[in-house]
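Structural characterization, general
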Amino acid sequence: MVDKQYLLDSRQMAEFVARGVLRFDEIVPEEINQAVIAEIDGDGIASQPAGTPLSKCYPDPSPIGRMLRMPEVHGIVRSLVGPDPLFDHQAVHVRQPNEGHAQGLHGDSIIDTRMHFDIQLMYFPHDVPLEMGGTMLLPGSHFRRVNELDVGRYQNFLGQLPMVCKAGTLAVVHHGIWHCGRRNETDRIRYMFKIRLNPTVRQLRLWNTDDLDEGGGPEIIYGGSSHQQGVATILNQQEPWFEAADGRLEIVNRIKLWRFLTGDDNFDAHYWLTRLENMPENRLEAA
């Protein structure tokens, strides 16, 4: 059980739904960061078979286990994929000094069409200055399923998020996010530890819903509470790289996922999804 204060709130959940990424700067203390680097440089970080409950992975004195059991990190994981998710896989992504090339932009999961989603935690145990490259994420790309490196020819997007950050920073992403490792132009090795987690429960209101108004349906178009308006505003926010018209499809996908996560089948933002459901057969059934 995790204290409610460490769970995500509804606005953070709406941001995850809209952008597919949440960033937590310097959330992991330096003591753990240094221990993780020492373990990577030593015998490496021991893995487990896919499908192992996370609670069975990384026992003490594992520094990765200490990081994952921090209440702040535990609360993030609990809010998105529920209690004791399954370990899927891990990787220590290494960018060598002065590589001279970058990883191609890609998506991992074209085969994964579930409404349920996995998360990937990307953990940066040391400072990542701009010249070290950093992992590049493309917020808002998680609903656009591509076959891995189909987008590898693209180098830059408006609004991309390079993970230039201080030690102990976490990025938590939807499994469908587009991402890549940028080239390292320093004399130092760059590390990023990634772990993917699968939910074992229905992803229904797993976060701190104290700020989630019960029942708030389409009235948010013209009014509603300030919180409802806040969630609707977040879900309607377009990313700079969206095409003018295609952004509407992104918003509809966000509304569908928000309905799934809240269990509120009447939720809408500016009538985007309701107008698509306004069919004669639905009105006859309601009558």
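Predicted model only: the values in this text are computed from it and were never measured.

Procedures and definitions
- Residues numbered from 1 in each chain as written.
- Predicted model: local features only at pLDDT ≥ 70, side-chain atom pairs only at ≥ 80, totals over all residues.
- Heavy atoms only, no water.
- Helix = DSSP H or I, 4+ residues; strand = E, 2+ residues; numbered from the N terminus.
- Buried < 20%, exposed > 50% of the residue type's maximum accessible area, 1.4 Å probe, protein only.
- Contact = heavy atoms within 4.5 Å.
- Areas by Shrake-Rupley, 256 points an atom, 1.4 Å probe, with all protein chains shown as cover.
- Polar contact = N/O pair within 3.5 Å; in protein donor to acceptor, adjacent residues only side chain to side chain.
- Patch = residues over 30% accessible without salt bridge, like charges linked within 9 Å, V, L, I, M, F, W, Y side chains within 5 Å.
- Salt bridge = Lys/Arg side-chain N within 4 Å of Asp/Glu carboxyl O.
- Pairing = 2+ DSSP bridges.

The next thing to look at is the overall build of the protein. Along its length, the protein carries eight helices and eight strands. Counting the 287 residues in the protein, one finds 52% classified as buried. Contacts in the protein between residues at least 24 apart in sequence constitute 83% of all its contacts with a sequence separation of at least 6. Approximately 13,500 Å² of the protein is accessible, and the part contributed by carbon and sulfur atoms is 51%.

It is worth spelling out helix 4 (residues 71-81) at this point. Taken as a whole, helix 4 has its buried residues at Val 73, Gly 75, Ile 76, Val 77, Ser 79, Leu 80 and Val 81. Elements in contact with the buried residues of helix 4: helix 1 (10-19), strand 1 (21-24), helix 3 (63-69), strand 3 (119-124), strand 6 (169-174) and strand 8 (190-198). One or two positions beyond helix 4, positive phi appears at Gly 82, with a value near 85°.

Relative to the assigned elements, Arg 69 resides in helix 3. The partly exposed category is assigned to Arg 69, whose relative accessible area is 42%. Between the C-alpha atom of Arg 69 and that of Tyr 58, which follows or precedes it by 11 residues, the distance is 9.8 Å. Arg 69 has contacts with Cys 57, Tyr 58, Pro 59, Asp 60 and Ser 62, leaving out every residue within four places of it along the chain. Within polar-contact distance, the side chain of Arg 69 engages the side chain of Asp 60 at 2.9 Å.

What follows deals with a nonpolar patch on the surface. Together, Val 92, Val 94 and Ile 189 make up a nonpolar patch on the protein surface, roughly 180 Å² of accessible area in all. Within the fold, Val 94 resides in strand 2 (residues 86-95).

Of the two faces of strand 4 (residues 135-138), the one holding Thr 135 and Leu 137 and the one holding Met 136 and Leu 138 are both buried throughout. With four bridges connecting them, strand 4 and strand 7 (residues 178-181) associate as antiparallel partners. Residue pairing in the sheet places Leu 138 in a bridge with Trp 178 of strand 7. Here two bridges tie strand 4 to strand 5 (residues 161-162), and the two strands are oriented antiparallel to one another. Residue pairing for strand 5: Met 136 is matched across the bridge by Pro 162.

Among all positions in helix 1, only Ser 10, Met 13, Ala 14, Phe 16, Val 17 and Ala 18 are buried. Phi turns positive one or two residues past the end of helix 1, at Gly 20, with a value near 75°.

What follows covers the sheet that holds strand 4. Across the sheet, which stays open at both edges, the three strands sit in the order 5-4-7 with antiparallel pairing between neighbours. This sheet does not close on itself; its edge strands, each paired only once, are strand 5 and strand 7.

Quick look at the environment of His 101 now. Residue placement: His 101 occurs in the loop between strand 2 and strand 3. Here His 101 falls in the partly exposed class, since its relative accessible area comes to 45%. The spacing of His 101 and Arg 183 is 82 residues in sequence and 5.3 Å in space, taken between C-alpha atoms. Here His 101 is in contact with Arg 95 and Arg 183, once residues within four sequence places are set aside.

Oppositely charged side chains may form a pair once their charged atoms are brought near each other. Enumeration over the complete set of coordinates arrives at 10 salt bridges. When the shortest N-O distance is used, the salt bridge between Asp 60 and Arg 69 registers 2.9 Å. Each of the salt bridges in this network shares a partner with another, and the network as a whole consists of Arg 144, Glu 243 and Glu 250.

Fair warning: the whole summary comes from geometry, so function is off the table for now.
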